[in-house]
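Residue-level listing of the chains:
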Amino acid sequence: MATQAQAHGTRESADATFSRLGEFTRETMDRLHVPGVAVGVLHDGREEAAGFGVTSVENPLPVTPDTLFQIGSITKTFTGTAAMRLVEQGKLDLDVPLRAYLPKLRLAGEGVAAGVTLRHLLTHTGGWVGDYFDDTGMGADALRRIVTRMARLPQLTPLGEVWSYNNAGYYLAGRVLEVATGKPYETVVQELVFDPLGMAMSFFFPGDVMVHRFAVGHTVQGDEAKVATPWPLARSAHAAGGVASTVKDQLTYARFHLGDGTAPDGARLLSPGSMQEMQTPRVDAGSQAGMLGVTWWIKDLDGLRVIRHGGTTNGQLSAFVLAPSRGFALTVLTNANRGGELHGNAVEWALREYLGVADSAPQPLALSAEQLAPYAGRYRAAMSEIELTVRDGELVAQMVPKGGFPKRDTPPGPTPPPTRVGVCADDRVVALDPPYKGARGEFLRDAEGNITWLRFGGRIARRQ
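Numbers given for residues are sequential positions, taken from 1 along each chain in its written order. It should be noted that, the model being predicted, local features are given only for residues of pLDDT at least 70 and side-chain atom pairs only at 80 or more, the latter also being counted only at that level, while totals for whole chains, interfaces and linings use all residues. Working from all heavy atoms in the structure, the side-chain values ignore hydrogens and water.

**Considerations on the overall build of the chain**
In step 1: Think of it this way: any DSSP run of H or I at least four residues long counts as a helix, any run of E at least two long counts as a strand, and we number them from the N terminus. The helix and strand inventory of the chain stands at 14 helices and 21 strands.
In step 2: Atoms counted for the radius of gyration: C-alpha only. Globule rule: 2.2 Å times residue count to the power 0.38. Relative to a compact globule of 464 residues, whose C-alpha radius of gyration would be 23 Å, the chain shows 22 Å and is just as compact.
In step 3: With respect to the three principal axes, the spread of C-alpha positions in the chain is 70 × 55 × 45 Å.
In step 4: Burial status follows relative accessibility: with a 1.4 Å probe on protein chains alone, a residue under 20% of its type maximum counts as buried, one over 50% as exposed, and anything between as partly exposed. The buried share of the chain, taken over its 464 residues, is 54%.
In step 5: Within the chain, contacts between residues at least 6 apart in sequence are counted, and of these 61% link residues at least 24 apart.
In step 6: The Shrake-Rupley method, run with a 1.4 Å probe sphere, supplies the accessible areas, and residue values consider only the shown protein chains as cover. For the chain, the accessible area works out to roughly 18,700 Å², and carbon and sulfur atoms hold 51% of it. Any two residues whose heavy atoms approach within 4.5 Å at even a single point are treated as in contact.

**Remarks on helix α6 (residues 167-181)**
In step 1: Its 15 residues give α6 an end-to-end C-alpha distance of 22 Å, which sits within 8% of 21 Å, the value for a rise of 1.5 Å per residue.
In step 2: Of all 15 residues in α6, 12 are buried; the element is thus mostly enclosed.
In step 3: For α6, the set of buried residues is N167, A168, G169, Y170, Y171, L172, A173, G174, R175, V176, L177 and E178.
In step 4: For α6, the elements touching its buried residues are α2 (75-88), α4 (118-122), α5 (142-149), α7 (185-197), α9 (238-241) and β21 (459-463).
In step 5: Each polar contact in these results corresponds to two N or O atoms within 3.5 Å; when the atoms are within protein, one needs to be able to donate a hydrogen and the other to accept it, and residues that are neighboring in sequence are counted only if both atoms are side-chain atoms. Two or three places before A168, at the start of α6, stands the capping residue N166, its side-chain oxygen 3.2 Å from that residue's backbone nitrogen.
In step 6: Once α6 ends, the next one or two residues include G182, with phi positive near 75°. Expected helix span is computed as 1.5 Å times (number of residues minus one).

**A closer look at the environment of V430**
In step 1: The topology assignment puts V430 in strand β18 (residues 428-431).
In step 2: A relative accessible area of 3% places V430 in the buried class.
In step 3: Along the chain, V430 and V112 lie 318 residues apart, while their C-alpha atoms are 33 Å from each other.
In step 4: With residues near it in sequence (within four places) discarded, V430 still touches A361, P362, P364, R420, V421, G422, C424, G438, A439 and R440.

**Considering the sheet that holds strand β3 (residues 69-70)**
In step 1: At least two DSSP bridges between two strands are required for those strands to pair. Sheet architecture is open: three strands sit in the order β3-β7-β4, paired in antiparallel fashion. Only two strands of the sheet have a single neighbouring strand rather than two, namely β3 and β4 (202-203).
In step 2: Sheet topology places β4 next to strand β7 (residues 244-245); two bridges connect them, and they run antiparallel. Paired with S202 across the two strands is S245, which belongs to β7.

**A closer look at unusual backbone geometry**
In step 1: In this structure, P230 follows T229 across a cis peptide bond, with omega equal to 0°.
In step 2: Tracing the backbone through its elements, the reader meets P230 in the loop between β6 (224-227) and α9.
In step 3: Of the consecutive residues P434 and P435, the connecting peptide bond is found in the cis state with omega at 5°.
In step 4: Take P435: it is sitting in the loop between β18 and β19 (440-445).
In step 5: Phi is positive for H33, close to 65°, though the residue is something other than glycine.
In step 6: One can find H33 in the loop between α1 (2-32) and β1 (36-43).
In step 7: Owing to a relative accessible area of 28%, H33 belongs among the partly exposed residues under this scheme.
In step 8: Despite not being glycine, T295 shows a phi value in the positive range, around 80°.
In step 9: Along the polypeptide, T295 turns up in the loop between β9 (291-292) and β10 (297-301).

**Some remarks on the side chain of T331**
In step 1: With respect to the element layout, T331 can be found in strand β13 (residues 328-334).
In step 2: For T331, a relative accessible area of 0% gives the class buried.
In step 3: Apart from residues no more than four positions distant in its own chain, T331 is found in contact with A38, V39, G40, V247, Q250, L251, A319 and F320.

**With respect to the pairing of strand β20 (residues 451-456)**
Along any regular strand the residues' side chains alternate between the sheet's two faces.
In step 1: Across the six residues of β20, five count as buried, placing the element largely inside the fold.
In step 2: Here β19 pairs with β20 via five bridges, running antiparallel. Counted as the bridge partner of F443 is L454 from β20.
In step 3: Here β19 folds back onto β20, and the loop between the two strands holds five residues, one of which, G449, carries a positive phi near 90°.
In step 4: Here four bridges tie β20 to β21, and the two strands are oriented antiparallel to one another. Across the sheet, the residue bridging to W453 is R462, located in β21.

**As for the layout of surface pockets**
Rolled over the atoms, a probe with the dimensions of a water molecule shows which regions are left empty.
In step 1: The method works on a 1 Å grid over the protein atoms by themselves. A cavity is a set of points holding a 1.4 Å probe that cannot get out, a pocket is an open set with protein on both sides within 12 Å along at least five of seven lines, and residues with an atom within 4 Å of a point line them. Grid points are joined across faces, edges and corners, and a volume is the space filled by probe spheres set on the points. Roughly 230 Å³ of internal volume is contained in the second largest pocket.
In step 2: The wall of the second largest pocket is formed by Y101, L102, P103, K104, L105, R106, R144, V147, T148, A151 and R175.
In step 3: Per-element accounting of the lining of the second largest pocket gives the leading share, three residues, to α5.
In step 4: Across the lining of the second largest pocket, the residue classes break down as six nonpolar, one polar and four charged. Gly is put with the polar residues, along with every residue not named as nonpolar or charged; the nonpolar set is Ala, Val, Leu, Ile, Met, Phe, Trp, Tyr, Cys and Pro, and the charged set is Asp, Glu, Lys and Arg.

**Description of the confidence of the model for the chain**
In step 1: The predicted model of the chain averages 95 in pLDDT, with 97% of residues at 70 or higher.
In step 2: Per-residue confidence from the prediction method is given by pLDDT, with values spanning 0 to 100. Scored below 50 in pLDDT, residues 1-12 shows two contacts in the model against residues more than four places distant or in partner chains.

**Re the pattern of salt bridges**
In step 1: In the sections that follow, a salt bridge refers to a side-chain nitrogen of Lys or Arg positioned within 4 Å of a carboxyl oxygen of Asp or Glu. Counting across every chain of the model gives 31 salt bridges.
In step 2: The shortest N-O distance in the salt bridge between E47 and R255 comes to 2.8 Å. Residue E47 is found in strand β2 (residues 46-53), and its partner R255 is found in helix α10 (residues 247-258); the two are separated by 208 residues along the sequence.
In step 3: Assessed through its relative accessible area of 40%, R255 is described here as partly exposed.
In step 4: Taking the shortest distance from any N to any O, the salt bridge between R149 and D134 comes out at 2.9 Å. Of this pair, R149 sits in helix α5 while D134 is found in the loop between α4 and α5, placing the two residues 15 residues apart along the sequence.
In step 5: Taken together, the salt bridges that share partners define one network made up of D95, R119, E277 and R282.

What follows is the structure, encoded as structure tokens:
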């Protein structure tokens, strides 16, 4: 009798916490002018899901737990999961040079092309320009064609030495999956991940999405949200960020990665060893991401290991967080460019309220204007520039978008307001003002101690 009472109390507590998460989400949506959000939580074996707001400000429908959102780069974990299944089948190896599968592979550096492995791709350590987007058509040869164009991408850092977020590496990973199976990338993920997990509401192609209720992206300027176009990503980017899914399907996916590698019907998809390999820290990914396993970002928060990934498309931003030892998962799907701030706040709230842990931001040092001056300068990346200046005794960052997403010729979006940046120990930095508040990064130095890069938002920007 006591056990039943305890179970009933736990369920009521979970319901109350999820209700408060919903209230927090609605308040944050209103403050940030985000039109729609879907949230899902898995805790103590129980799933909770809810939708808030509308799918589009132009053609509004209520967001529900069955509404499709673009999940962006969370797709990369599906690419990695499918790759690990092929590793277990003996069709791929994480540490064999890719020319074993793609003998004609060409990259800017011959040594890089000869030595790059699938592990480099899945851990963002290839070293070439990663934010490269190009539309190579909707045909089944889209990945083959964009991989051929990757030979033009400059090599920024030596192979395997520096972590910097690399979408282009996942084009190459998707192409390797195609060659290993003789099937299009989307079919590989459908057969190896979606179908065995019963993820019937996860899709790649707009023609599949449009027959269901789906969200469109928005750009928020001031207090007004406007629909962002185009909606679809190019097929060439599917392996990096092409999945559209619901919070319910995301919780199904979360159950798998919280488990031992078996599907809902008991069929084994991955061995416990492969599941562990994906979630084992291997690469230092800086203060924003922590460490990287096979696709997953990994941090230990107050002794609790947290696994996560996020996603961004044109006006749709998402978060996916797991705490395997606690059987906890959170997914947050949003449909506005300020959704990153929203889901960051929601993740922080959920980690604290459900698990009692916090991802504490580094503390800025009390530095004088003279001490801040060496960090000032212009830092250039593929899709943006960051101008750091010292103003009134503080370091201030001005982000200058350059465009190039979701297509190569997409013009830059609106320039965000400047943000103060706190310099912390070990050359780490933290943004102090919206919309980047809480975002982290670090300065990288060469062997002589000179600052050569600023890594912010996961990308390295070269000092000019």
